[in-house]
Amino acid sequence: MPETDHDLIQACRKGEARAWERMLEKYERLVYSVGLKTGLTVEDAADITQVTFTILMQSLEDLRADTRLAPWLATVARRHAWRIMAKRRREPVGHVADVAESPQIAEKSTNPFETWERIEWLRMGLEKLDERCRKLLQSLYFEAEQPSYAEVAEQFDMPVGSVGPTRARCLEKLKTFMTEAVTI
């Protein structure tokens, strides 16, 4: 499967579905994080992600051969995030309670590529885990709605009292893999 941006773009232009899937796998979290880092809601970040990849799909034929997708996608996403923020500034602010429950503000970062690097580092660590650990951690930390331990226990066919210790072991394995990746 193509790995360079150039190869991915070429394969997507040819209509190869797996190339498009790989592009999404490779860059979806980067694009999604742009919306969150600008302080928008999870829903807005998801909308920005969808719009950004739609624009990418429409722009595939126009991209230059040397286009680096990460900066290109981040720029498109950032522009859409700014548009949403500008629109929100023009809207009247409602009741104080509404403001308190407004978008979850993610920790601000001055460098979105640093965030992307961290996400890629985490993704690589997760890929090294066995399937059960990977799925458990994804369920506990990456689902839109955080499941209860009872729901996780049912999903993974384990006693509720085993979820915490299993989670801890899986996190320890992940930490080991990620530490190894840094020392390489």
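Here the structure is shown first, and the text comes after it.
In this text, all values refer to a predicted model and were calculated from it rather than measured experimentally.

Attention now moves to the overall build of the protein. When its secondary structure is counted, the protein shows nine helices and zero strands. Start at the N end of the protein and walk to the C end: the helices and strands fall as α-α-α-α-α-α-α-α-α. The buried share of the protein, taken over its 184 residues, is 34%. Considering only intrachain contacts with a sequence separation of at least 6, the fraction spanning at least 24 residues in the protein is 59%. Total accessible area on the protein stands at roughly 11,800 Å², and carbon and sulfur atoms take up 54% of it.

A word on the packing of helix α1 (residues 5–13) against helix α2 (residues 17–37). Contact pair α1 / α2: the axes reach a minimum separation of 8 Å and the direction vectors enclose 140°. When the interaxial angle is binned, α1 and α2 end up oblique. Taken as a pair, α1 and α2 cross one another with a handedness that is left-handed. Contact with α1, carried on its side by Asp5, Leu8, Ile9, Ala11 and Cys12, involves Ala19, Trp20, Arg22, Met23, Lys26 and Tyr27 of α2 and no other residues of that element. Taken together, the residues of the contact of α1 with α2 sort by class into eight nonpolar, no polar and three charged.

Per the counting criterion, the structure on display carries one disulfide. Disulfide partner of cysteine 133: cysteine 170, at an S-S distance of 2.1 Å. One disulfide, between cysteine 133 and cysteine 170, carries an S-S torsion of -75° and so falls in the left-handed class. One end of the pair, cysteine 133, is in helix α7 (residues 131–141); the other, cysteine 170, is in helix α9 (residues 160–183), and 37 residues separate them in sequence. Classification of cysteine 133 as buried rests on a relative accessible area of 5%. Under the relative-accessibility criterion, cysteine 170 is labelled buried at 2%.

Take α2 next. For an α-helix, 3.6 residues make a turn, and residues three or four places apart therefore share a direction. When the terminal C-alpha atoms of α2 are compared, their 30 Å separation across 21 residues agrees well with the 30 Å that a helix rising 1.5 Å per residue should span. The largest bend in α2 amounts to roughly 45° and is located at tyrosine 27. What α2 keeps buried is the set Ala19, Trp20, Arg22, Met23, Lys26, Tyr27, Leu30, Val31, Ser33, Val34 and Gly35. Backbone geometry just downstream of α2 places glycine 39 in the positive-phi region, at approximately 95°.

Turning next to the packing of aromatic side chains. Summed over the entire model, instances satisfying the criterion amount to one aromatic pair. Ring plane angle 85° and centroid distance 6.3 Å describe the contact between tryptophan 20 and phenylalanine 53, whose orientation is recorded as edge-to-face. Here tryptophan 20 is found in helix α2, whereas its partner phenylalanine 53 is found in helix α3 (residues 42–59), with 33 residues between them in sequence. Its relative accessible area of 19% is what places tryptophan 20 among the buried residues.

Turning our eyes to something else, we now look at the pattern of salt bridges. Applying the stated criterion across every chain yields a total of seven salt bridges. Between lysine 26 and aspartate 5 there is a salt bridge, with its nearest N and O atoms 3.7 Å apart. Remark: aspartate 5 occurs in helix α1 and lysine 26 occurs in helix α2; sequence separation between them is 21 residues. Pair check on accessibility: lysine 26 and aspartate 5 agree, each one buried. Salt-bridge contacts for aspartate 130 lead to lysine 173; the nearest nitrogen and oxygen are separated by 3.4 Å. One end of the pair, aspartate 130, is in the loop between α6 (112–128) and α7; the other, lysine 173, is in helix α9, with 43 residues separating them in the sequence. Accessibility expressed as a relative area gives 36% for aspartate 130, which makes it partly exposed. Overall, lysine 173 belongs to the partly exposed group, its relative accessible area being 38%. Taken together, the shared-partner salt bridges in this structure form one network comprising Arg18, Glu21, Arg22 and Glu25.

Reading the values: rules and limits
- Residues numbered from 1 in each chain as written.
- Predicted model: local features only at pLDDT ≥ 70, side-chain atom pairs only at ≥ 80, totals over all residues.
- Heavy atoms only, no water.
- Helix = DSSP H or I, 4+ residues; strand = E, 2+ residues; numbered from the N terminus.
- Buried < 20%, exposed > 50% of the residue type's maximum accessible area, 1.4 Å probe, protein only.
- Contact = heavy atoms within 4.5 Å.
- Areas by Shrake-Rupley, 256 points an atom, 1.4 Å probe, with all protein chains shown as cover.
- Axes fitted to C-alpha atoms, helices over the stretch in contact; angles between N-to-C directions.
- Parallel < 35°, antiparallel > 145°, perpendicular 65-115°, else oblique.
- Left-handed = near helix turned anticlockwise from the far one by under 90°.
- Nonpolar A, V, L, I, M, F, W, Y, C, P; charged D, E, K, R; others polar.
- Disulfide = S-S within 2.5 Å.
- Expected span 1.5 Å × (residues − 1).
- Bend = angle between axes of the 7 residues up to and from the residue.
- Phe/Tyr/Trp six-rings, centres within 6.5 Å; stacked < 30°, edge-to-face > 60°.
- Salt bridge = Lys/Arg side-chain N within 4 Å of Asp/Glu carboxyl O.

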